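Secondary and tertiary structure notes
Below, each chain spelled out in residue letters.
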Amino acid sequence: MSAADLIAAWRAYLADNRRRSPHTVRAYVAAAQRLVAANALEDWNAVARTEAHHLRAHLAARRAEGLGNASTARELSALKAFIAFAREQAGDPDPAAPRLRGPRLKKGLPRPVTPDEAVNVTELVDGLAAEDWIGARDRAVLLLMYGSGLRIAEALSLTGRDAVLGEVLQVTGKGGKQRIVPVLPITRAAVADYARQCPWPLGPGEPLFRGAKGGPLSPGMVQKAMAKARRALGLPDTATPHALRHSFATHLLSAGADLRSLQELLGHASLGSTQIYTRVDAASLLENYRNAHPRAGRSGD
């Protein structure tokens, strides 16, 4: 067995057995490749012998390269999963991963954009695109994220079967979990407009959103389009495609949606993941109060 065989088996396990998202597969495979290459590991027994002190040294070297706390924590999680998998493959009676704590993370709040900013971005990506059909495509993708709360991978996983949308859409999220989300009339119209202009055939089993050469649209192209519109509008760097999903959640919560319903719409496995939006909403309300109330900035009154 070679190092390439180890990585291929790990990739297949993540994608086929665990049904991880393409983004997670890429990140977990890249972390495993770095560990295998740095330590010349060529079989499951060698990987299985990796202990906490080996991981600590490996991560210290990664930190020296400039890896931040959040990225270090993600890498540690990926490597623990890889080693646990290796121990199972090696027939270890105790396949548990090495015990090692990651760096403490300060949990930040998502930074949603305002409703006006969201609409302005979706309109501007249309106007800034090199071709009309590409602009229509980018607008449709971003409206799905803002209007229906989709993750970027979920929007890009849609197929030609979804070219004509109804009032609701069934999407497959993390872990293969399916959920039903609403589709606004403006989003339905945007997707239909894109489908009409798209120069590539949109067969039922083919990707709905296409790149310029006809292949599946990549997340990076959506992010670039958003960044271009963001700069033109003078929005902060936090105004990313994923921020539109945060905005979907925050604006629904502000309008009176309950957390359980929001959890279902977002596809969160636990309510705890959804509860962070109560903090976002409270922070937004406080900021609006401070900006609008004539006595908010005074003390001692």
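In what follows, the structure referred to is the one given above.
Presented here is a report on the structure given in the accompanying data block. Just so it is clear, the structure is predicted and the values come from calculations on it, not from any experiment.

1. A word on the packing of helix α7 (residues 132–148) against helix α9 (residues 185–197)
The interhelical angle for the contact between α7 and α9, taken along N-to-C directions, is 150°, at an axis separation of 8 Å. On the basis of the axis angle, α7 is roughly antiparallel to α9. The chirality of how α7 crosses α9 is left-handed. Each of Asp132, Trp133, Ala136, Arg137, Arg139, Ala140, Leu143 and Leu144 in α7 lies in contact with α9, whose residues at this interface are Ile186, Thr187, Ala190, Val191, Asp193, Tyr194 and Gln197. Residue composition of the contact of α7 with α9, by class: 9 nonpolar, 2 polar and 4 charged.

2. Examining the packing of helix α6 (residues 115–128) against helix α10 (residues 219–233)
Look at α6 against α10: their axes get within 9 Å of each other, and the N-to-C directions meet at 110°. Judged on the interaxial angle alone, α10 and α6 are roughly perpendicular. Mapping the contact onto sequence places Asn120, Val121, Leu124, Val125 and Leu128 in α6 and Ala225, Met226, Lys228, Ala229, Ala232 and Leu233 in α10. Here the residues of the contact of α6 with α10 sort into 9 nonpolar, 1 polar and 1 charged.

3. Examining unusual backbone geometry
Its identity is not glycine, yet Ala40 carries a phi of approximately 50°, on the positive side. Structurally, Ala40 is set in the loop between α2 (22–39) and α3 (44–48). Using a relative accessible area of 61% as the deciding quantity, one classes Ala40 as exposed.

4. Concerning the pattern of salt bridges
Following the criterion strictly, the structure yields 10 salt bridges and no others. Between Glu123 and Arg139 there is a salt bridge, with its nearest N and O atoms 3.1 Å apart. Of this pair, Glu123 sits in helix α6 while Arg139 sits in helix α7, placing them 16 residues apart in sequence. In this structure, Asp138 and Arg137 form a salt bridge, with 3.0 Å as the shortest nitrogen-oxygen distance. Residue class for Asp138 comes out buried when judged on its relative accessible area of 6%. Through salt bridges with shared partners, one network takes in Arg34, Arg62, Glu65 and Glu75.

5. Description of the packing of aromatic side chains
Taken as a whole and assessed by the stated rule, the structure comprises 8 aromatic pairs. With a centroid separation of 5.3 Å and 55° between ring planes, the pair formed by Trp10 and Phe82 is classed as tilted. A residue pair is termed long-range when its members are at least 10 positions apart, and Trp10 in helix α1 (residues 3–17) and Phe82 in helix α5 (residues 69–89) qualify at 72 residues. Each member of the pair, Trp10 as well as Phe82, carries the same accessibility label: buried. Among the aromatic residues, those joined into a cluster by ring pairs are Trp10, Tyr13, Trp44, Phe82 and Phe85. Lying across the ring of Trp133, Arg137 places its NZ or CZ 5.7 Å from the centre.

6. Focus: the pairing of strand β1 (residues 168–172)
Only one face of β1 is covered, namely the one carrying Leu169 and Val171; the face carrying Val168, Gln170 and Thr172 has none of its residues buried. Bridge count between β1 and strand β2 (residues 178–182): 5 bridges; the pairing is antiparallel. In the strand pairing of β2, Val168 is matched with Pro182. From the end of β1 to the start of β2, which pair antiparallel, there are 5 residues, and Gly175 there has a positive phi angle of about 70°.

7. Observations concerning α9
The end-to-end C-alpha distance of α9 is 18 Å, a good match for the 18 Å that 13 residues give at a rise of 1.5 Å each. Inspection of α9 places Thr187, Ala190, Val191 and Tyr194 among the buried residues, and these make up the whole buried set. For α9, the angular spread of buried residues about the axis comes to 95°, placing them on one side. In α9, those exposed residues whose orientation departs by more than 90 degrees from the buried face are Pro185 and Arg196.

The rules we used
- Residues numbered from 1 in each chain as written.
- Predicted model: local features only at pLDDT ≥ 70, side-chain atom pairs only at ≥ 80, totals over all residues.
- Heavy atoms only, no water.
- Axes fitted to C-alpha atoms, helices over the stretch in contact; angles between N-to-C directions.
- Helix = DSSP H or I, 4+ residues; strand = E, 2+ residues; numbered from the N terminus.
- Parallel < 35°, antiparallel > 145°, perpendicular 65-115°, else oblique.
- Left-handed = near helix turned anticlockwise from the far one by under 90°.
- Contact = heavy atoms within 4.5 Å.
- Nonpolar A, V, L, I, M, F, W, Y, C, P; charged D, E, K, R; others polar.
- Buried < 20%, exposed > 50% of the residue type's maximum accessible area, 1.4 Å probe, protein only.
- Salt bridge = Lys/Arg side-chain N within 4 Å of Asp/Glu carboxyl O.
- Phe/Tyr/Trp six-rings, centres within 6.5 Å; stacked < 30°, edge-to-face > 60°.
- Lys NZ or Arg CZ within 6 Å of the ring centre and 35° of its normal.
- Pairing = 2+ DSSP bridges.
- Expected span 1.5 Å × (residues − 1).
- Arc of directions from axis to C-beta.

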